[in-house]
Amino acid sequence: MAGETRMVATRKTLRHTIEMTLQRMADVVGRLTRGMTLGVRALVIGPDGRIFLVKHSYVGGWHLPGGGVEPGETLIDALIRELREEGNLEPTAPPVLHGMFFNDSLSPRNHAAVYVVRDFRKLGEPVPDYEIIAHGFFGLDALPDDTTAATRARIIEVIGGAPVRERW
């Protein structure tokens with residue numbers, strides 16, 4: 001049993017080390033290719049009040065779906081693309097901008113726009129792939145234990161009316 005516990009701890013440490021290395025490498029590439037990064041995230045709220053979250057293959061925890069804005073894309077175009085890619089979801093009404101956030105946890109150049117999506121349709125069941133390894137709608141009282149602090153903060157701001165912070 002002790003050997004098994006030690007092995008699990010070693011795997012978690014190794015995963016964390018790999019994640020941090022990949023994130024640092026992405027930051028170096030970003031510094032060489034662009035002055036600032038801009039991303040979008042969606043707080044998708046189902047008719048039953050459950051929140052759609054995704055789990056990435058390359059970073060731990062559960063997150064709001066989203067990603068980077070590509071050259072030539074508007075924020076809404078990027079949001080719609082990311083929702084299709086990560087959740088097989090499509091907004092049926094204009095998403096509402098919740099806020100712009102500065103995320104300096106890994107880079108001093110990272111900003112994200114968070115939108116609230118209450119009206120959407122499922123285009124089919126999302127299929128896990130190399131990027132998104134898990135997904136689901138979760139009740140506020142049943143969020144996964146490893147839902148990130150930033151994700152929880154955005155949910156509390158929108159659902160609970162907490163003050164909106166500028167930092168991720």
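Right above here is the structure, for reference.
As a convention, each chain's residues are numbered from 1 in the sequence order in which they are written. Per-residue local features of the predicted model are confined to residues with pLDDT of at least 70, and side-chain atom pairs are confined, for both listing and counting, to 80 or more; whole-chain, interface and lining totals are unaffected and use all residues. Where side-chain values are given, they derive from all heavy atoms of the structure, hydrogens and water being excluded.

Student: Describe the packing of aromatic side chains, naming the residues involved and giving the relevant values.
Tutor: For Phe, Tyr and Trp, where Trp contributes only its six-membered ring, two rings pair if their centres lie within 6.5 Å, and the inter-plane angle classes them as stacked under 30 degrees, edge-to-face over 60, or tilted in between. Using the criterion set out here, one finds four aromatic pairs in the structure. Here the aromatic rings of Phe 52 and Phe 137 are separated by 5.0 Å at their centres, their planes lie at 55°, and the arrangement is tilted. Taken as a pair, Phe 52 in strand E2 (residues 51-56) and Phe 137 in strand E9 (residues 132-138) lie far apart in primary sequence, 85 residues in all. An identical accessibility class is assigned to Phe 52 and Phe 137; each is buried. Ring centres 5.0 Å apart and planes at 75° place the aromatic pair Trp 62 and Phe 138 in the edge-to-face group. Within this pair, whereas Trp 62 is found in strand E3 (residues 62-63), its partner Phe 138 is found in strand E9, the two being separated by 76 residues in sequence. To qualify as a helix, a DSSP run of H or I must reach at least 4 residues; to qualify as a strand, a run of E must reach at least 2; elements of each kind are numbered from the N terminus. When a residue's accessible area, from a 1.4 Å probe over protein chains only, is under 20% of the maximum for its type it is buried; when over 50% it is exposed; and in between it is partly exposed.

Student: Report on the sheet that holds E9, specifying residues and quantitative values.
Tutor: The strands that make up a sheet pair up through hydrogen bonds in the backbone, lying either parallel or antiparallel. Sheet architecture is open: three strands sit in the order E3-E2-E9, paired in antiparallel fashion. Edge positions in the open sheet fall to E3 and E9, since each of these has one partner strand only. When DSSP finds two or more bridges between two strands, those strands count as paired. With two bridges connecting them, E2 and E3 associate as antiparallel partners. What sits directly across from Val 54, in E3, is His 63.

Student: Describe the pairing of strand E7 (residues 110-117), with residues and values.
Tutor: The two faces of the sheet receive side chains in turn, since in a regular strand these alternate between them. Of all eight residues in E7, six are buried, a share of seventy percent or more. Where strand E6 (residues 96-102) and E7 come together, six bridges link them in antiparallel fashion. Bridging across to E7, Phe 101 finds its partner in Ala 112.

Student: Please provide a residue-by-residue account of unusual backbone geometry, values included.
Tutor: Here Asn 88, not a glycine, exhibits a phi torsion of approximately 55°, which is positive. Note that Asn 88 resides in the loop between helix H2 (75-87) and strand E5 (89-91). Using a relative accessible area of 22% as the deciding quantity, one classes Asn 88 as partly exposed.

Student: Residues and numbers for helix H3 (residues 149-160), please.
Tutor: Those residues of H3 that fall on the buried side of the exposure criterion are Ala 150, Thr 151, Ala 153, Arg 154, Ile 155, Glu 157 and Val 158. Only heavy atoms enter the contact rule, under which two residues are in contact if any of them lie within 4.5 Å. Looking at the buried residues of H3, the elements they touch are strand E1 (37-44), E2, E3, E6 and E7. Phi turns positive one or two residues past the end of H3, at Gly 161, with a value near 75°.

Student: Provide a residue-level description of the nonpolar core, including the pertinent values.
Tutor: Proteins that are soluble and globular tend to have nonpolar side chains buried together. We define a nonpolar core as any set of buried Ala, Val, Leu, Ile, Met, Phe, Trp, Tyr and Cys residues linked to one another through side-chain atoms lying within 4.5 Å. Ranked by internal contacts, the top residues of the largest apolar core, which has 16 residues, are Val 40, Val 44, Leu 79, Leu 83, Leu 89 and Val 117. Secondary structure elements with two or more residues in this core: E1, E2, H2, E7 and E9. What Val 40 contacts, discounting residues up to four positions off in sequence, is Pro 65, Gly 66, Gly 67, Val 69, Leu 75, Ala 78, Leu 79, Glu 82, Ala 113 and Tyr 115. One finds Leu 43, Leu 64, Val 114 and Val 116 within the second-largest nonpolar core, a separate group that totals 15 residues.

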